[in-house]
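Read off the chains here:
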Amino acid sequence: MRSVRWFVNVLVVAVLVLAGSSPSWAIPAFARKYRTSCQTCHIAFPALTPFGEAFRLNGYRFPEGSDATMSKDQPVELGAEGYKKLWPRSVWPGELPGSVPLSLVVESEIANDRATKTTSFDGLGGVAAFLAAGTLGEHASFWSEAEFHREDGEITTEMERVNAQFRPFSSPILQIKVGSFEPGLTLVSGHRTLSNYGYLMTEEPVGDNQWAAEPFQQGIEFYGVAAHRILYNAGYVEGAGNAPNNTKDVYGRVAYKFGGLAFDGSTKGDASALTANPKPWSEKSITVSIFGYKGSPLLSETTTTLMNDPNTNIVSEVESTTSQNDPFTVYGGDVRWNFMDLIVRAGMSDRTDRRPFLSDPTMTDIKTQNRFGEIDWVAYPWLVPAARWEKFKVGEANMEKLSLTLQMLIRANVRGYLAFDKVKEPGDKYRTEEIVAGLAYGM
């Protein structure tokens, strides 16, 4: 036991000294609004507990209409209640959050590239993100983020998920999301994972078609929870990563949860008891989900060549553009099994692209397969290892990936981790790509 404690202490100290970056965030502003710990909603931020998932699906509200009583932050009323009776001859009254719903998350990274045997400090203090999220009365909510990245001395700014959400009813049976968001396709998300790595199934493009479900899509999505345990999503989006195109993408998903806390967080007990649960991640449940996605992006590539005019001997640049449509479909699903302190996930998707390669338009009907399996274990409330296997196959080219992440909550809002991944390229054996150590904290 002394050896184990010594080893864990060394890991914690190492993570405090080192650091890491990830595209996933949590919102400390919610902890301030409800005067509760981050672990009410997060296993280890940004991964959600069952209650955290219900809170998200309720438009960042406590379930069953208990948000007003659970909130410790009184909103600013924009108009008296009586104006509702005067509408449409008056502006419908609304409200603002009582305090600025802004959070700051900082991450840093040290990474060791195993191919070049080099260790880089370039990621130390490499990411800072400002996030705002909350509600605007009973029928509207919002999420927005701006991320600042420093790499090789250059600072870049990213805006990924920025959206408004509306619900016409007091329950989450129907909600409308407008803006940029991750489409509701799978139970897993690179924005809410215990791993340091996103999922190939949602992030890996095919050929010259740069579409991937994450990190975000722009458009409109209808979603909701029916009969407490049925989750549905239907979207109409731009289709990210390719040339502008009038044809939009469509998708749909349906999921069902057996056992455990319902999708909408409905419970026969007092809602306040959910925040006092000593093991908010623990339950016995099985959730299954299936989805379909159809897109028709325009692939385009512009190349520049130098042409010499034999009459004038003047060299000039000539641009040529190659473009083609690549209609594609993706079908798949995933399952999540929660058994007390253990979370097991598995999923698959099959994709067919009509013409994904600009260099060879004759290559048609390219098949892509994605498979993954993952095990997350809450060994202690502050120590959570996660292991994942993934397979990504395009045509006959097959790639596999193994990754391991050890999450350590130094405090509820301070997270350290150690992670590495091993990749098997086509015709090769497994090779370690990188080893990283990280620290993230939110306020």
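On a predicted model such as this, the values are computed, not experimentally measured, just so you know.

Q: Which parts of the structure should I look at to understand the overall build of the chain?
A: Of regular secondary structure, the chain possesses seven helices and 21 strands. For 443 residues, the compact-globule estimate of 2.2 N^0.38 gives 22 Å, and the C-alpha radius of gyration of the chain, at 24 Å, lies within 12% of that figure. The principal-axis extent of the C-alpha atoms belonging to the chain is close to 80 × 70 × 40 Å. Here the chain holds 443 residues, and the buried ones make up 46% of them. Put simply, of all contacts in the chain between residues at least 6 apart along the chain, 60% involve residues at least 24 apart. With the model as given, the accessible surface of the chain reaches about 21,700 Å², and the carbon-plus-sulfur share is 60%. Charge-centre separation for the chain: the mean point of 43 positive side chains lies 9 Å from the mean point of 51 negative side chains.

Q: Even after reading the chapter, I still don't get the environment of Ile-43, so can you show me in this structure?
A: Residue position: Ile-43 is located in the loop between helix 2 (28-34) and helix 3 (50-57). Each C-alpha atom, one on Ile-43 and one on Leu-104, is 19 Å from the other, the two residues being 61 residues apart in sequence. Every residue in contact with Ile-43, bar those within four places of it in the chain, is listed here: Leu-48, Thr-49, Leu-194, Trp-281, Ile-343, Val-378, Pro-381, Val-384 and Leu-409.

Q: Looking at this structure, how should I read a nonpolar patch on the surface?
A: A surface patch of nonpolar side chains, amounting to about 860 Å² of accessible area, comprises Ile-230, Val-254, Tyr-256, Phe-258, Ile-286, Val-288, Ile-290, Trp-337, Phe-339 and Met-340. Looking at the secondary structure, you find Ile-230 in strand 10 (residues 230-237). Look at Ile-230 and you get partly exposed, because its relative accessible area is 31%.

Q: Explain the layout of surface pockets here, please?
A: Where empty space is left in the structure can be found by rolling a water-sized probe over the atoms. A volume near 680 Å³ is recorded for the second largest pocket. Lining the second largest pocket are 35 residues, and of these Arg-61, Asp-67, Ala-68, Thr-135 and Gly-137 sit closest to its centre. Take the lining of the second largest pocket: its biggest share by element is four residues, from helix 2. Per-class residue counts for the lining of the second largest pocket are 11 nonpolar, 13 polar and 11 charged.

Q: Can you walk me through the environment of Thr-116 in this structure?
A: Residue position: Thr-116 is located in the loop between strand 3 (102-113) and strand 4 (118-135). Sequence-wise, Thr-116 and Gly-59 are 57 residues apart; in three dimensions their C-alpha atoms are separated by 45 Å. For Thr-116, the side chain forms a polar contact with the side chain of Thr-118, separated by 2.7 Å.

Q: Help me understand the nonpolar core in this model?
A: One recurring pattern in soluble globular proteins: nonpolar side chains tend to sit buried together. Ranked by internal contacts, the top residues of the largest apolar core, which has 17 residues, are Ile-27, Phe-30, Phe-51, Phe-55, Phe-62, Leu-131 and Trp-143. Taken together, the elements giving at least two residues each to this core come down to helix 2, helix 3 and strand 4. By size, the runner-up hydrophobic cluster in this structure holds 12 residues, among which are Ala-44, Ala-47, Trp-281 and Ile-343.

Q: Can you help me understand empty space enclosed by the protein in this one?
A: Throughout the structure, instances matching the rule amount to three cavities of 30 Å³ or more. If you add up the space inside the second largest cavity, you get close to 140 Å³. Taken together, 17 residues line the second largest cavity, and the ones lying closest to its centre are Met-201, Thr-202, Trp-211, Val-330 and Ser-349. Of all the elements in the fold, those that place two or more residues in the lining of the second largest cavity are helix 6 (200-203), strand 16 (342-353) and strand 17 (366-377). Residues that form the lining of the second largest cavity fall into these classes: nine nonpolar, five polar and three charged.

Q: I would appreciate a short explanation of helix 3 in the present structure.
A: Most of helix 3 sits inside the fold, with seven of its eight residues counted as buried. Buried within helix 3 are the following residues: Pro-50, Phe-51, Gly-52, Glu-53, Ala-54, Phe-55 and Leu-57. Gly-59 sits one or two positions beyond helix 3 and adopts a positive phi of about 70°.

Q: What is the right way to look at the side chain of Gln-165 in this model?
A: Note on placement: Gln-165 falls in strand 7 (residues 162-166). Judged by relative accessible area, which is 3%, Gln-165 ranks as buried. Within the structure, Gln-165 has its side chain in polar contact with the side chain of Tyr-60 (distance 3.4 Å). Side chain to side chain, Gln-165 and Asn-163 meet in a polar contact 3.2 Å long. Filtering out sequence-adjacent residues up to four positions away, Gln-165 remains in contact with Gly-59, Tyr-60, His-139, Ala-140, Ser-141, Ile-176, Lys-177 and Tyr-223.

Q: Would you take a moment to explain the confidence of the model for the chain for this structure?
A: One rule of thumb: low pLDDT means the predicted coordinates there are not for detailed reading. For the chain, mean pLDDT is 88; residues scoring 70 or higher make up 92% of the total. A low-confidence stretch, residues 1-24 (pLDDT under 50), is modelled with 48 contacts involving residues beyond four sequence positions or located in other chains.

Q: How should I be thinking about the pairing of strand 4 in this particular structure?
A: In the case of a regular strand, side chains alternate between the two sheet surfaces. Where strand 3 meets strand 4, 10 bridges bridge the pair, whose relative direction is antiparallel. Within strand 4, the position partnered with Leu-102 by the bridge is Ala-132. Counting the residues in the hairpin turn of strand 3 and strand 4 gives four residues, including Lys-117, whose phi is positive at 55°. Where strand 4 lies against strand 5 (residues 140-151), nine bridges are found, and the strand directions are antiparallel. Within strand 5, the residue paired with Val-127 across the bridge is His-149. Where strand 4 hands over to strand 5, the hairpin turn is made up of four residues, of which Gly-137 adopts a positive phi near 90°.

Q: Would you explain the packing of aromatic side chains in this entry?
A: How two aromatic rings sit relative to each other is set out by the distance from centre to centre and by the angle between their planes. All chains considered together, the criterion is met by 19 aromatic pairs. For the ring pair Tyr-251 and Tyr-293, a centre distance of 5.7 Å and an interplane angle of 5° mean the geometry is stacked. Taken together, the positions of Tyr-251 in strand 11 (residues 249-259) and Tyr-293 in strand 12 (residues 283-295) put the pair 42 residues apart, joining distant regions of the chain. Overall, Tyr-293 belongs to the buried group, its relative accessible area being 2%.

Calculation notes
Residues numbered from 1 in each chain as written. Predicted model: local features only at pLDDT ≥ 70, side-chain atom pairs only at ≥ 80, totals over all residues. Heavy atoms only, no water. Helix = DSSP H or I, 4+ residues; strand = E, 2+ residues; numbered from the N terminus. Rg over C-alpha atoms; globule rule 2.2 N^0.38 Å. Buried < 20%, exposed > 50% of the residue type's maximum accessible area, 1.4 Å probe, protein only. Contact = heavy atoms within 4.5 Å. Areas by Shrake-Rupley, 256 points an atom, 1.4 Å probe, with all protein chains shown as cover. Lys, Arg positive; Asp, Glu negative; His and termini not counted. Charge placed at Lys NZ, Arg CZ, Asp CG, Glu CD. Patch = residues over 30% accessible without salt bridge, like charges linked within 9 Å, V, L, I, M, F, W, Y side chains within 5 Å. Salt bridge = Lys/Arg side-chain N within 4 Å of Asp/Glu carboxyl O. 1 Å grid on protein atoms, 1.4 Å probe; cavity = no way out; pocket = protein on both sides within 12 Å on 5 of 7 lines; lining within 4 Å. Points joined across faces, edges and corners; volume = space filled by probe spheres on them. Nonpolar A, V, L, I, M, F, W, Y, C, P; charged D, E, K, R; others polar. Polar contact = N/O pair within 3.5 Å; in protein donor to acceptor, adjacent residues only side chain to side chain. Core = buried A, V, L, I, M, F, W, Y, C linked by side-chain atoms within 4.5 Å. pLDDT = per-residue confidence, 0-100. Pairing = 2+ DSSP bridges. Phe/Tyr/Trp six-rings, centres within 6.5 Å; stacked < 30°, edge-to-face > 60°.

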